[in-house]
2 protein chains.
Amino acid sequence: MAITIKDVAQHAGVSVGTVSRVLAKNSTVNDAIRLKVEGVIEQLGYRPSSLGRNLRLNRTYLIGLLIPDITNPFFAELAKQVEMLASAEGYSVLLANTHDDPKAEQMQVEAMLSRLPFGLILVPVSDSAVNTIVAGTRTVTVDRPLQGHALVSVDNARGGYMAADHLLSLGHRNLGYISGPSSTEVSRARRSGFISGITEFRRQHSGMVVESRIVEGNFDYLSGETLGRTLLQSAPGTRPTAIATASDQQAIGLMRAAADLGIRVPEDLSIIGFDDIPLASLVFPRLTTIRQPIAEIARITLEAVLGRLSPQKEWMLEPVLIRRSSSAFAPPVT
Amino acid sequence: MAITIKDVAQHAGVSVGTVSRVLAKNSTVNDAIRLKVEGVIEQLGYRPSSLGRNLRLNRTYLIGLLIPDITNPFFAELAKQVEMLASAEGYSVLLANTHDDPKAEQMQVEAMLSRLPFGLILVPVSDSAVNTIVAGTRTVTVDRPLQGHALVSVDNARGGYMAADHLLSLGHRNLGYISGPSSTEVSRARRSGFISGITEFRRQHSGMVVESRIVEGNFDYLSGETLGRTLLQSAPGTRPTAIATASDQQAIGLMRAAADLGIRVPEDLSIIGFDDIPLASLVFPRLTTIRQPIAEIARITLEAVLGRLSPQKEWMLEPVLIRRSSSAFAPPVT
DNA sequence: CTGTTAGCGCATTCAT
DNA sequence: ATGAATGCGCTAACAG
């Protein structure tokens, strides 16, 4: 059996109350006794049990982090940032994946809640779903809204708009868009922002013809490759000269498809991604993308979940266009 | 205040003992009463407190997972697999990053231990260090050994050997190797395996000249790019025709460097990585690599940490050569 | 089969 | 300033 506060008290010849007070740094204890107790603690290698303490205080130092998939670089980065901040504050992070499956999400939320985390950071799978279950635990959602809970997110519609604007300003008039799953609000926002960008452009340049074609899949590499192939295999002349994607992973999959088809980037095809994952600046050519301020997202999320922010219901962060080499002026019309 | 077992007992008109027995499925309770109690539990939305239960049983259902960096795709995949298996067994995963820093590792281990996890999965930063601290909690290390604890790992030396063998059998006689940090056993094993491969080849083909140059850095993309540039900028004729790396991330960084220098892969340069992360098959050209059987690693690790495996001290798994497009026959000597 | 009770490790209140 | 006692929510041992 591990050594308890009682053992320490006995060895130090004091009561458990005194030991407890020594542990709580702020309490007032005679210096001689404090030293004695600290000595015994050191000597015995005593480690207060979080079980007893948490039960007594009815509070844990756990933060639940529930995301679709930790192998997604965006969520990995989020997890890393959250964990760094949390551990610096004395909290530990409980990690769970939902695999974008509402049923799994439901089970994972229940499992989390049974651990009585101090707070929950949730990237909800689909809209609605859990909702009621989360009552009683302060929950902050990231990236995707959930009725009745605080949300920290980049302005996805704005990001989509910026992507369209960037491509159009480079002279592209035949655009493709690879969307994420329509079931997610984030996909819908990015896509509708993209469409708004085109609409706005048409309005300002009345009479200007802008073609666009939208396909939809998941956020992963494979979807980017598959859907990219679909877009790129249109009849020559109708093939898009620029494609925006809802994630960098899709964009990298798309680059893969372009390479396989002998389509050069950016000479024949401009590509712009979304997220700015670390890999974006390492692929060839380096990926132009819409950056999410992820460190900022993590910081606000954690502050919110720890209850340190005014109970504002939504934080909407500005995305940033990162120009690299995968986007260029449209090729001359032949 | 949340609702407790006492409330349930009161509403159901039974004792807490009975409610507890209903909760413990295996115990024997009168059917009518059981139904009644279950009804009340449902109605009140009662959720047993893991705090009380854990304190009583002196046991948690937490598995600590301590890795260098969750944004490293290899560890992300490991985390995902471990989490999937753990949650299926009713365990939750505590995640922490060490950032490859011994001091941070020490602190993180202490933080984990203070949560009293049932077991600990650790990818130790450098050799030694923690050691004593982990006493009392069943700990399994992955990838890198730690004195006195079980280890689950791929046969890194064998993998390094396979990489050398693959390149040599393609006719390459001027090899480069991008190593991970010497402070880690895994780096040393892969590198010495690679060297053994060359030595062995020389022995079998007596008189054959094989040049090799080894550089060392971290496991990440950036190191691959930087060190790759170093290797590739040797005087023409002395430049390696094939380079093996200690990680896929390095290999992808290296591809980036090659592209910047106008060196074609695999025509001018063959590349072989290590790990087989998902991205490996998506880069252009698709990356030849030494695969780690990561699902298997995760499975064995979790079984071991749950104490279901005979207390074998070491599990050494076979790596697998995955041939893709980044490696090819050596260019003819000019 | 069910009720009662002790006690897991700790923080805190009440005396002193 | 310190000791003694209480109870957080729960399980298990003991009675009945």
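Definitions and limits used
- Residues numbered from 1 in each chain as written.
- Chains lettered and ligands numbered in written order.
- Predicted model: local features only at pLDDT ≥ 70, side-chain atom pairs only at ≥ 80, totals over all residues.
- Heavy atoms only, no water.
- Contact = heavy atoms within 4.5 Å.
- Buried area = accessible area lost by both parts, 1.4 Å probe.
- Salt bridge = Lys/Arg side-chain N within 4 Å of Asp/Glu carboxyl O.
- Polar contact = N/O pair within 3.5 Å; in protein donor to acceptor, adjacent residues only side chain to side chain.
- Helix = DSSP H or I, 4+ residues; strand = E, 2+ residues; numbered from the N terminus.
- Near = heavy atom within 4 Å.
- Nonpolar A, V, L, I, M, F, W, Y, C, P; charged D, E, K, R; others polar.
- Core = buried A, V, L, I, M, F, W, Y, C linked by side-chain atoms within 4.5 Å.
- Buried < 20%, exposed > 50% of the residue type's maximum accessible area, 1.4 Å probe, protein only.
- Pairing = 2+ DSSP bridges.
- Axes fitted to C-alpha atoms, helices over the stretch in contact; angles between N-to-C directions.
- Least-squares fit on C-alpha atoms with pLDDT ≥ 70 in both.
- 1 Å grid on protein atoms, 1.4 Å probe; cavity = no way out; pocket = protein on both sides within 12 Å on 5 of 7 lines; lining within 4 Å.
- Points joined across faces, edges and corners; volume = space filled by probe spheres on them.
- Parallel < 35°, antiparallel > 145°, perpendicular 65-115°, else oblique.
- Left-handed = near helix turned anticlockwise from the far one by under 90°.
- Domains from an automatic or database assignment.
- Phe/Tyr/Trp six-rings, centres within 6.5 Å; stacked < 30°, edge-to-face > 60°.
- Lys NZ or Arg CZ within 6 Å of the ring centre and 35° of its normal.

Note on interface size: it is often stated as the accessible area lost on association of the parts. In this assembly, 51 residues from chain A lie in contact with 50 residues from chain B. It is L51, R256 and L282 of chain A in chain A that bury the most area against chain B; as a group they hold 16% of the surface buried on that side. In this structure, the connection of chain A to chain B is made through eight salt bridges. The salt bridge partner of E110 of chain B is R47 of chain A, with a shortest N-O separation of 3.8 Å. Put simply, chain A and chain B have 20 residue pairs in polar contact (both at pLDDT 80 or more) between them. In terms of residue count, the dominant contributor to the side of chain A that touches chain B is helix α5 (residues 73-88) of chain A (seven residues).

All right, on to the protein's contact with DNA strand D then. Near DNA strand D, the surroundings consist of 24 residues, among which T18 and N30 of chain A together with I5, Y46 and R56 of chain B are the closest. A share of 69% of the atoms of DNA strand D within 4 Å of the protein falls on sugar and phosphate groups. Between DNA strand D and S15 of chain A there is a distance of 3.0 Å, counted from a phosphate oxygen to a side-chain nitrogen or oxygen. The set of elements that each furnish at least two residues to the surface near DNA strand D consists of α2 (16-23) and α4 (50-57) of chain A together with α1 (5-12), α2 (16-23) and α4 (50-57) of chain B. For the surface near DNA strand D, a count of residues per class yields nine nonpolar, nine polar and six charged.

Quick look at the environment of R188 of chain B now. Residues and elements named next belong to chain B. When you line up the elements, R188 lands in helix α8 (residues 185-204). The spatial distance from the C-alpha of R188 to the C-alpha of A157 is 8.3 Å, given a sequence separation of 31 residues. Within the structure, the side chain of R188 is placed 3.0 Å from the side chain of E185, a separation counted as a polar contact.

Take the nonpolar core next. In this structure, I70, L78, I121 and L302 of chain A together with I70, L78 and I121 of chain B are the most contacted members of the largest nonpolar core, which totals 60 residues. Leaving out residues up to four positions away in the same chain, I70 of chain B has contacts with I70, A76, A79 and K80 of chain A together with F75, A76, A79, L95 and N97 of chain B. In terms of nonpolar packing, the next biggest core, distinct from the first, is built from 44 residues, L254 of chain A together with I243, V265 and L282 of chain B among them.

Turning next to the protein's contact with DNA strand C. Near DNA strand C, the surroundings consist of 26 residues, among which I5 and R56 of chain A together with T18, T28 and I33 of chain B are the closest. Restricting attention to atoms of DNA strand C within 4 Å of the protein, one finds that 64% of them are sugar or phosphate atoms. Between DNA strand C and R53 of chain A there is a distance of 2.6 Å, counted from a phosphate oxygen to a side-chain nitrogen or oxygen. If you list the elements that add at least two residues to the surface near DNA strand C, you get α1 (5-12), α2 and α4 of chain A together with α2 and α4 of chain B. In terms of residue class, the surface near DNA strand C is made up of ten nonpolar, ten polar and six charged.

What follows covers the sheet that holds strand β10 (residues 288-291) of chain A. Residues and elements named next belong to chain A. With mixed pairing, the six strands of this open sheet are ordered in space as β7-β6-β8-β9-β10-β12. Strand pairing shows two members of the sheet lacking a second neighbour, β7 (211-216) and β12 (320-322), which therefore form its edges. Sheet twist, expressed as the average angle between the axes of neighbouring strands with direction ignored, equals 20°. By the bridge criterion, four bridges tie strand β6 (residues 174-179) to strand β8 (residues 242-245) in an arrangement that is parallel. Counterpart to Y177 in the pairing with β8 is A244. Its contacts with the sheet place helix α8 (residues 185-204) against β6, β7, β8 and β9 (270-275), and it is angled at close to 170° to β6.

On to the relation of the copies chain A and chain B. Of the two same-sequence chains, chain A is brought onto chain B (RMSD 0.1 Å, axial shift 0.1 Å) by a rotation of 180°. The superposition of one copy onto the other is thereby described by a two-fold rotation axis. Taking the C-alpha atom as reference, chain A places L94 of chain A closest to the rotation axis, 2.3 Å from it.

Another aspect to go through is the sheet that holds strand β7 (residues 211-216) of chain B. All names here are of chain B. With respect to topology, six strands assemble into an open sheet ordered β7-β6-β8-β9-β10-β12, the strand pairing being mixed. Pairing within the sheet leaves two strands with one partner each, and these edge strands are β7 and β12 (320-322). Across the sheet, the mean angle separating the axes of adjacent strands is 20° when strand polarity is ignored. Both strand β6 (residues 174-179) and β7 contribute to a ladder of six bridges, which runs parallel. Pairing of Y177 across the sheet is with I214, part of β7. Packed onto the sheet, helix α10 (residues 248-260) meets β6, β8 (242-245), β9 (270-275) and β10 (288-291) and runs at close to 155° relative to β9.

Turning our attention to empty space enclosed by the protein. All names here are of chain B. By the definition in use, this model includes four cavities of 30 Å³ or more. In this structure, the largest cavity spans a volume of roughly 100 Å³. Residue lining of the largest cavity: N72, F74, F75, D143, R144, V186, R190, F219, A246, S247, D275 and Q292, and that is the complete set. Counting residues per element, the ones that place at least two in the lining of the largest cavity are α5 (73-88) and α8. Put simply, the second largest cavity is a space of about 80 Å³.

Angle between the axes and distance between the axes are the two parameters that describe a pair of packed helices. Residues and elements named next belong to chain B. At a minimum axis distance of 9 Å, the contact between α1 and helix α3 (residues 31-44) shows a crossing angle of 125°. Comparing the axis directions of α1 and α3 gives the class oblique. Seen from above, α1 lies across α3 with right-handed handedness. Residue-level contacts link D7, V8, H11 and A12 of α1 to K36, V37, V40, I41 and L44 of α3. By residue class, the composition of the contact of α1 with α3 is six nonpolar, one polar and two charged.

Our next topic: the domain arrangement of chain A. The assigned domain composition of chain A is domain 1 (1-58) and domain 2 (156-292 + 318-322). Taking only C-alpha atoms into account, the centre of domain 1 of chain A sits 60 Å from that of domain 2 of chain A.

With that settled, the discussion passes to the packing of aromatic side chains. Residues and elements named next belong to chain A. For the coordinates displayed, the defined rule picks out eight aromatic pairs over all chains. Put simply, the rings of Y61, Y91 and F118 touch in pairs and so form one group of aromatic residues. Directly above the ring of Y61 sits R59, whose terminal nitrogen or CZ lies 4.1 Å from the centroid.

Looking now at the pattern of salt bridges. Applying the stated criterion across every chain, the model contains 40 salt bridges over all chains. The shortest N-O distance in the salt bridge between R286 of chain B and D260 of chain A comes to 3.4 Å. With R286 of chain B in the loop between β9 and β10 and D260 of chain A in helix α10 (residues 248-260), this residue pair bridges two chains. Note that R308 of chain B is salt-bridged to E303 of chain B, the shortest N-O span being 3.7 Å.

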